[in-house]
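# Coordinates in review
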Amino acid sequence: MLFNAYLDFVIQSNPKLKSLADKGSLLAFSDDMLIIAKDKHEAEETLRAFAEIQEFGFKINLKKTQIMTDRHDMQDVVEICNFKINKSIKYLGITIYCDRKLTSDSIKG
């Protein structure tokens, strides 16, 4: 829990990340974060904001970083800031698909 308190402090210290968190577009728990950006430009700005928080000791794990979009106007975009756009991502054990379906290995239906 102490780490989450520090993470919240760091997010609140960065205007871009604070803005996303305040509107519910940045979900953070421990070392897992989910960012909901409205467009490619906002996604790029957010990735740059995460680069800025390295001064607090945070590093983006480039191997674990994933981007997904459900926007029809971005169907031809294959990457953002050198990150490949995926059809699904996993966040806290839940797989989220670009068509907004959710699945979880731990939830039995």
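Below is a short write-up of the structure. (Residues numbered from 1 in each chain as written. Predicted model: local features only at pLDDT ≥ 70, side-chain atom pairs only at ≥ 80, totals over all residues. Heavy atoms only, no water.)

Tallying secondary structure elements over the protein chain gives three helices and eight strands in all. Order of helices (α) and strands (β) in the protein chain, N terminus to C terminus: α-α-β-β-α-β-β-β-β-β-β. Across the 109 residues of the protein chain, 28% fall into the buried class. Contacts spanning at least 24 positions in sequence make up 43% of the contacts within the protein chain whose residues lie at least 6 apart. Surface accessibility of the protein chain: about 7800 Å² in total, with carbon and sulfur atoms responsible for 54%. (Helix = DSSP H or I, 4+ residues; strand = E, 2+ residues; numbered from the N terminus. Buried < 20%, exposed > 50% of the residue type's maximum accessible area, 1.4 Å probe, protein only. Contact = heavy atoms within 4.5 Å. Areas by Shrake-Rupley, 256 points an atom, 1.4 Å probe, with all protein chains shown as cover.)

Before going further, it helps to spend a moment on the pairing of strand β7 (residues 94–97). Bridge count for strand β6 (residues 88–91) against β7 is four bridges, and the pairing is antiparallel. Of the residues in β7, the one forming a bridge with Y91 is I94. The turn linking β6 back onto β7 is made up of two residues, and L92 within it adopts a positive phi angle of 50 degrees. (Pairing = 2+ DSSP bridges.)

Taken as a whole and assessed by the stated rule, the structure comprises two aromatic pairs. Their ring planes at 85 degrees and their centres at 6.0 Å tell us that F9 and F56 sit as a pair that is edge-to-face. Taken together, the residues span a long stretch of sequence, with F9 in helix α1 (residues 2–13) and F56 in the loop between α3 (40–52) and β3 (67–68) at a distance of 47 residues. On the accessibility criterion, F9 (46% relative accessible area) is partly exposed. In textbook terms, an aromatic cluster arises when at least three aromatic residues are bridged by ring pairs, as seen for Y6, F9 and F56. (Phe/Tyr/Trp six-rings, centres within 6.5 Å; stacked < 30°, edge-to-face > 60°.)

Attention now goes to the pattern of salt bridges. Overall, the coordinates contain four salt bridges when judged by the stated rule. Measuring nitrogen to oxygen at the nearest pair gives 3.3 Å for the salt bridge that ties E42 to K16. Note that E42 is positioned in helix α3 and K16 in helix α2 (residues 15–22), a separation of 26 residues in sequence. Here K18 ties to D22 by a salt bridge, and the two come within 2.7 Å at their closest N and O atoms. (Salt bridge = Lys/Arg side-chain N within 4 Å of Asp/Glu carboxyl O.)

Here we come to the sheet that holds strand β4 (residues 79–80). Strand order in the open sheet formed by three strands is β3-β5-β4, with mixed pairing between adjacent strands. At either margin of the open sheet sits one strand with a lone partner, and together these are β3 and β4. The sheet contact formed by β3 and strand β5 (residues 83–86) spans two bridges and is parallel. Along β5, the bridge assignment pairs M68 with N86.

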